[in-house]
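Residue strings, one per chain:
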Amino acid sequence: MKNETSNMVEIDIVIPVYNEEKDLEKSILKLCNWAEEHPKHKWMVTIANNASTDKTLQIAKELKIKFPKTVRVIDIPSKGRGIAIGTSWLKSNSQICVFMDVDLSTALTHIPEIIEPIINNEADLCIGSRWLKESEAGRNFFRGILSWSYNQILKTILHLKTSDAQCGFKGIRTDLAKKIIPLIEDKNWFFDTELLVIAQKNNFRIKEIPVKWTENVLTTVIVTETISEFLKGVWRMKKNGVPDIS
């Protein structure tokens, strides 16, 4: 990617959603308004509807009508956060792909910080971290301990060098994303970790940035199921090895 930051770059921000009828409109309006206030780059906001059973898809389509040049809607019938992100990135024509959680837990002010290192050819993949010294992360104590412990497991078993594998804020060169995604086996919450482990194994340049992050206390994520999924994924990658990109 060119070093000339003055050139307009196409950025695709993917928001994976499952039954988010209460928060979707508010979050997308906030994100689209932010994009309009930052015309330096060309922004696309992709709502990746992930087998929702409420009015999420209907609201997404209405937002597409309201912001025809900015909002794209992808309806994915199979449930799985990893499927939603991976499918959207594979279908993207933008130069850089990002994903954020629909609750916008990560402050929007960090969006330029996550894409500029990629635009300036300083990184191939840039991720937000809640564990860097400069980060501001309001966290539930129990979830914070689980997150810290999980990242220590990743460092010990899979030798991952990053400090926060699961922060829902990541950006990547789209051409490289399209090489990694077919190698990722997990279709749900372990997707992030697998993305990072494969990228590191194949010598992609990964940069972490500190973020201001606010925890969503109303999250529907089931902690025990997610922990089990993470541990199974770690064991699978340790046993089977990390794939090489040919």
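Below, the structure is looked at part by part. Model, not experiment: these values are computed from the prediction.

### Points about the packing of aromatic side chains
Here's step 1: For the structure shown, the criterion picks out four aromatic pairs.
Here's step 2: Ring geometry for W34 and W43: centres 5.1 Å apart, planes at 70°, overall edge-to-face.
Here's step 3: The exposure class of W34 is buried, given its relative accessible area of 9%.
Here's step 4: Members of the aromatic cluster, joined through ring pairs, are W89, F99 and F191.
Here's step 5: Across the ring face of Y18, the terminal group of K79 is positioned such that the distance to the ring centre comes to 4.0 Å.

### Description of the packing of helix α3 (residues 81-90) against helix α7 (residues 191-201)
Here's step 1: The geometry of α3 relative to α7 is characterised by a closest axis approach of 9 Å and an angle of 50° between their N-to-C directions. Between α3 and α7, the angle falls in the class oblique. Every residue of α7 that contacts α3 at R81, G82, I85, G86 and W89 is listed here: F191, D192 and L195.
Here's step 2: For the contact of α3 with α7, the residue count by class is four nonpolar, two polar and two charged.

### Focus: the packing of helix α1 (residues 24-36) against helix α2 (residues 56-66)
Here's step 1: Axis separation between α1 and α2 bottoms out at 10 Å; the angle between their running directions is 25°. It follows from the interaxial angle that α1 and α2 lie roughly parallel. Two packed elements cross with a definite hand, and for α1 against α2 that hand is right-handed. Contacts between α1 and α2 involve L24, E25, I28 and L29 from the former and T56, I59, A60, L63 and K66 from the latter.
Here's step 2: Here the contact of α1 with α2 is composed, by residue class, of six nonpolar, one polar and two charged.

### Quick word on unusual backbone geometry
Here's step 1: Even without being a glycine, N19 presents a positive backbone phi close to 50°.
Here's step 2: Looking at the secondary structure, you find N19 in the loop between β1 (10-17) and α1.
Here's step 3: Exposure remark for N19: the relative accessible area of 28% places this residue in the partly exposed category.
Here's step 4: Of note in the backbone geometry, L104 takes a positive phi value of approximately 50° without being a glycine.
Here's step 5: Mapped onto the fold, L104 is located in the loop between β4 (96-100) and α4 (111-119).
Here's step 6: Here L104 falls in the buried class, since its relative accessible area comes to 11%.

### Side note on the pairing of strand β7 (residues 169-173)
Here's step 1: Of all five residues in β7, five are buried, a share of seventy percent or more.
Here's step 2: Judged by which residues are buried, β7 turns out to be covered on both faces: F169, G171 and R173 on one side and K170 and I172 on the other are all buried.
Here's step 3: Across five bridges, the pairing between β4 and β7 is antiparallel. What sits directly across from F99, in β7, is K170.
Here's step 4: Across three bridges, the pairing between strand β5 (residues 125-129) and β7 is antiparallel. In the strand pairing of β7, I127 is matched with K170.

Conventions adopted
For every chain, the first residue of the written sequence is number 1, and numbering continues from 1 along that sequence. Confidence filtering applies because this is a predicted model: local features only for residues at pLDDT of at least 70, side-chain atom pairs given and counted only at 80 or more, and all residues used for totals across whole chains, interfaces and linings. Excluded from the side-chain calculations are hydrogens and water; all other atoms, namely the structure's heavy atoms, are used. Here a pair means two rings of Phe, Tyr or Trp (six-membered ring of Trp) with centres within 6.5 Å. Their orientation is stacked below 30 degrees between planes, edge-to-face above 60, and tilted elsewhere. Whether a residue is buried, partly exposed or exposed follows from its accessible area with a 1.4 Å probe, protein chains only, as a fraction of its type maximum: under 20%, in between, or over 50%, in that order. Counting as a charge over the ring demands two things of the Lys NZ or Arg CZ atom: a distance within 6 Å of the ring centre and an angle within 35 degrees of the ring normal. Between the N-to-C directions of two axes lies an angle of 0 to 180 degrees, each axis being a line fitted to C-alpha atoms and, for a helix, fitted only over the stretch in contact. Numbering of helices and strands runs from the N terminus, with a helix taken as a DSSP run of H or I at least four residues long and a strand as a DSSP run of E at least two residues long. Angle categories are assigned with fixed cut-offs, so that under 35 degrees is roughly parallel, over 145 is roughly antiparallel, 65 to 115 is roughly perpendicular, and the rest are oblique. Contact criterion: two residues are considered in contact whenever any of their non-hydrogen atoms come within 4.5 Å of each other. Amino acids are sorted into nonpolar (Ala, Val, Leu, Ile, Met, Phe, Trp, Tyr, Cys and Pro), charged (Asp, Glu, Lys and Arg) and polar (every other residue, Gly among them). The sense of a crossing depends on the near helix, which, turned anticlockwise from the far helix by less than a right angle, makes the crossing left-handed and, turned clockwise, makes it right-handed. Pairing between two strands is assigned when DSSP locates at least 2 bridges connecting them.

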